[in-house]
Amino acid sequence: SIQSRSWSYPEGIRGYLAELAGDSEPVAPMFAGERYAEEDGDYAIGGQWKGKIPGGNLHVVAVHSQDANNSAGVAGDNIDRAQNKLGARYDFLKDYSIMGQYETIDNDANTLDQKIYYLGFQARFGKVLGAVQWGKTKDDITHNDTDYLAVGGWYSFSKTFRVIGGYRSTEIDNGNQNKV
């Protein structure tokens with residue numbers, strides 16, 4: 001089955017997400033049109049498909065958003081931004097999953113042009129869920145490409161209590177490295 005949903009916001013998707021994150025008073029999606037009455041072409045559309053394929057289940061998601069700031073409403077920012085995401089997860093042998101995502105972010109001022117790649121694997125061993133993730137961001141404007149690697153685990157004592165631990169390393173190709 002394919003599902004999609006679309007809203008329109010003059011401040012763009014980032015304005016709506018900022019509200020969800022608590023940066024301003026919350027607005028439910030069904031009332032957002034009243035709050036954001038001005039139309040300037042912002043939209044987001046997405047779809048997903050879930051189905052059984054040989055050996056497991058496949059879940060595919062695709063999203064496109066357009067933040068058309070063609071009015072001087074955000075501190076004179078007249079830059080249009082576009083984001084695209086395509087992701088998939090394959091669940092197999094009941095306790096294993098492989099996932100991947102490809103994302104592009106760019107604007108019409110040629111100050112932002114990024115491609116983001118992500119791969120992950122997770123497996124459940126009894127009460128332990130382990131995960132390994134790899135990601136890469138390629139920035140065609142600044143050429144500061146980023147590599148990301150994370151390893152983590154969750155131990156479930158019960159349905160309501162878990163302990164989580166992990167390691168993450170992020171390296172920017174200009175030599176900066178951040179490990180947590």
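How each quantity is defined
- Think of each chain on its own: its residues are numbered from 1, step by step along the sequence as written.
- At least 70 in pLDDT is required for a residue's local features to be given in this predicted model, at least 80 for side-chain atom pairs to be given and counted, and no such filter applies to totals for whole chains, interfaces and linings, which use all residues.
- Processing note: side-chain calculations cover all non-hydrogen atoms of the structure and skip hydrogens and water entirely.
- Just to be clear on terms, a salt bridge is a Lys or Arg side-chain nitrogen sitting within 4 Å of an Asp or Glu carboxyl oxygen.
- Known as pLDDT, the predictor's per-residue confidence is scaled from 0 to 100.
- Think of it this way: any DSSP run of H or I at least four residues long counts as a helix, any run of E at least two long counts as a strand, and we number them from the N terminus.
- Contacts are residue-level and defined by heavy atoms, with any inter-residue pair within 4.5 Å sufficient.
- Two distance rules govern patches: like charges are joined within 9 Å, and nonpolar side chains (Val, Leu, Ile, Met, Phe, Trp, Tyr) within 5 Å, applied only to residues with over 30% relative accessible area and no salt bridge.
- Surface accessibility follows the Shrake-Rupley procedure with a 1.4 Å probe radius. Residue values consider only the protein chains on display as shielding.
- Think of it in three bands: residues with accessible area under 20% of the maximum for their type are buried, residues over 50% are exposed, and the middle band is partly exposed, with areas taken using a 1.4 Å probe on protein chains only.

## What to know about the pattern of salt bridges
As enumerated under the stated definition, the model contains seven salt bridges in all. As a salt-bridge pair, R89 and D91 come within 3.1 Å of each other at their nearest N and O atoms.

## Digging into the confidence of the model for the protein
Averaged over the protein, the pLDDT score is 76; the fraction of residues at 70 or greater is 68%. Across the protein, the secondary-structure element scoring lowest on mean pLDDT is helix α2 (residues 29-35), at 40, and the one scoring highest is strand β5 (residues 113-125), at 94. Taken together, the stretch residues 1-38 has pLDDT below 50 and engages in 63 contacts with residues farther than four places along the chain or on a different chain.

## Observations regarding a nonpolar patch on the surface
Taken together, the side chains of L86, Y102, Y117, L119, V132, W134, L149 and V151 present a nonpolar region at the surface, about 690 Å² in accessible area. Looking at the nonpolar patch, the elements with two or more residues in it are β5, β6 (128-139) and β7 (146-156). Tracing the sequence through the fold places V132 in strand β6. Using a relative accessible area of 40% as the deciding quantity, one classes V132 as partly exposed.

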